[in-house]
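A structural walkthrough
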Amino acid sequence: MNKGILNGIAAYALWGFFPIYWKLLQQVPALQVIGHRIGWSFILLIAFIWLTKQWKDFRSAALTSKNIVIYSIAAVLLTINWLVYVWGVNAGFIVETSLGYFINPLLSVLLGVIFLRERLRPLQWIPVALAAAGVLYLTLAYGRLPWIALTLAFTFGFYGFVKKLAPLGSLYGLTLETGIVFPGALIYLAVVEFTNTGAFLHDSALIDLLLIGAGLVTTIPLLMFASAAKQIPLSVVGILQYIAPTLQFLIGVLIYHEPFDQSRLVGFGLVWLALIIFSAETYLATRVLVQPIPEMGEG
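Sequence order as written defines residue numbering, which begins from 1 separately in each chain. It should be noted that, the model being predicted, local features are given only for residues of pLDDT at least 70 and side-chain atom pairs only at 80 or more, the latter also being counted only at that level, while totals for whole chains, interfaces and linings use all residues. Working from all heavy atoms in the structure, the side-chain values ignore hydrogens and water.

1. Some remarks on the side chain of Gln32
To be explicit about the condition: Strands here are runs of E lasting at least two residues and helices are runs of H or I lasting at least four, both read from the DSSP assignment and numbered beginning at the N terminus. Only protein chains enter the accessibility calculation, which uses a 1.4 Å probe; a residue is then buried when its area is under 20% of its type maximum, exposed when over 50%, and partly exposed in between. Pairs of N or O atoms within 3.5 Å make up the polar contacts considered here, provided that, within protein, one atom can donate a hydrogen while the other can accept it, and that residues adjacent in sequence are counted only when both atoms are side-chain atoms. Contacts: residue pairs with any heavy atoms within 4.5 Å of one another.
Mapped onto the elements, Gln32 comes out in helix 3 (residues 30–51). For Gln32, a relative accessible area of 3% translates into the label buried. A distance of 2.9 Å separates a polar atom in the side chain of Gln32 from the backbone oxygen of Thr197. When sequence neighbours within four positions are dropped, the list of residues in contact with Gln32 reads Tyr188, Leu189, Val192, Thr197, Gly198 and Ala199.

And the structure:
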């Protein structure tokens, strides 16, 4: 249990520090960063599966026509999510990217209601309404729709929805997803190389190492999270997931000095209040469900 919690905290903390890593690649176009992230992630994941002697299991479990269709959709959603996130970070919108991941849990609940006909408890509608009010307020404050946050929330929300219908675990799933988009990433990187616009091997050794490392920083937290998810309750995972956007938000404000005025505070405050109410209501509801029934003779 303790090892699982530590793995979960470490995974979300690493995700939380992602903005610092991607900022180091600010001079590289976001699409090239994603091309390398997909390519090196796939290579590392395949190597891990091969070295741990899981290749036969992976091939028999993953390479079916049904899985190819499901994980192709997941791969497209994940690629868009990665691209918008890296672009948003390097364009100076770290705070707005964090908003997307704050909204995501509530959006996932709403997707369950719309597509899976799940029912919300009456109190759960309050945080959903508050989060919507927060987004509306920020739209008015920005003078534009916070499209980066909403794109991240929707792509990751639908990604989670697709993965809920998918049969594979995190390791095999991400390997298949990156494998599906790997040929496209490879072709794109070859094109930028032949047109002399590629950054890899044409900038500095540090940039080359960071582009290769994009695969490493993608796979390490994933494997830690996969281990944690097996060892700790889902309710604990739900609490830990707020570590990443909180760190991203603090990094955006305190390290990169992105603007966070009173109007943004009000909008974010509504979203944070929604998450507090949602978490508290879920925790209390879970306690009621797991409370043991008194045996005969108990008061």
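2. A few points about the confidence of the model for the chain
Filter applied, for reference: Think of pLDDT as the predictor's per-residue confidence, scored from 0 to 100.
Taken as a whole, the chain shows an average pLDDT of 86; of its residues, 92% reach a score of 70 or greater. Summarising per-element confidence for the chain, the mean pLDDT is lowest in helix 11 (residues 234–240) (66) and highest in helix 2 (residues 18–23) (95). Throughout residues 290–299 the model reports pLDDT below 50, and contacts reaching past four residues in sequence, or to other chains, amount to zero contacts.

3. A closer look at the nonpolar core
The condition that has to hold: The definition of a nonpolar core used throughout is a set of buried Ala, Val, Leu, Ile, Met, Phe, Trp, Tyr and Cys residues joined through side-chain atoms within 4.5 Å.
Counting 45 residues, the largest nonpolar core has Trp22, Leu25, Val28, Val33, Tyr85 and Leu211 as the members making the most contacts within it. Mapped onto this core, the elements with two or more residues apiece are helix 2, helix 3, helix 4 (55–62), helix 5 (65–90), helix 6 (94–115), helix 8 (147–165), helix 9 (170–194) and helix 10 (205–231). When residues of this core are assigned to their parent elements, the largest contribution, eleven residues, is made by helix 5. The contacts of Tyr85, once residues within four sequence positions are left out, are Trp15, Phe18, Pro19, Trp22, Thr97, Tyr101, Leu152 and Gln248.

4. Points about the environment of Val162
Assignment of secondary structure puts Val162 in helix 8. The sequence separation of Val162 and Lys53 amounts to 109 residues, and the corresponding C-alpha distance is 28 Å. Sequence-distant contacts of Val162, defined by excluding residues within four places in its chain, comprise Ile70, Ile73, Ala74 and Leu77.

5. Remarks on unusual backbone geometry
Even without being glycine, Lys53 reaches a positive phi, approximately 55°. In this fold, Lys53 is placed in the loop between helix 3 and helix 4. Using a relative accessible area of 76% as the deciding quantity, one classes Lys53 as exposed. Not every positive phi belongs to a glycine, and Leu201 is a case in point at roughly 70°.

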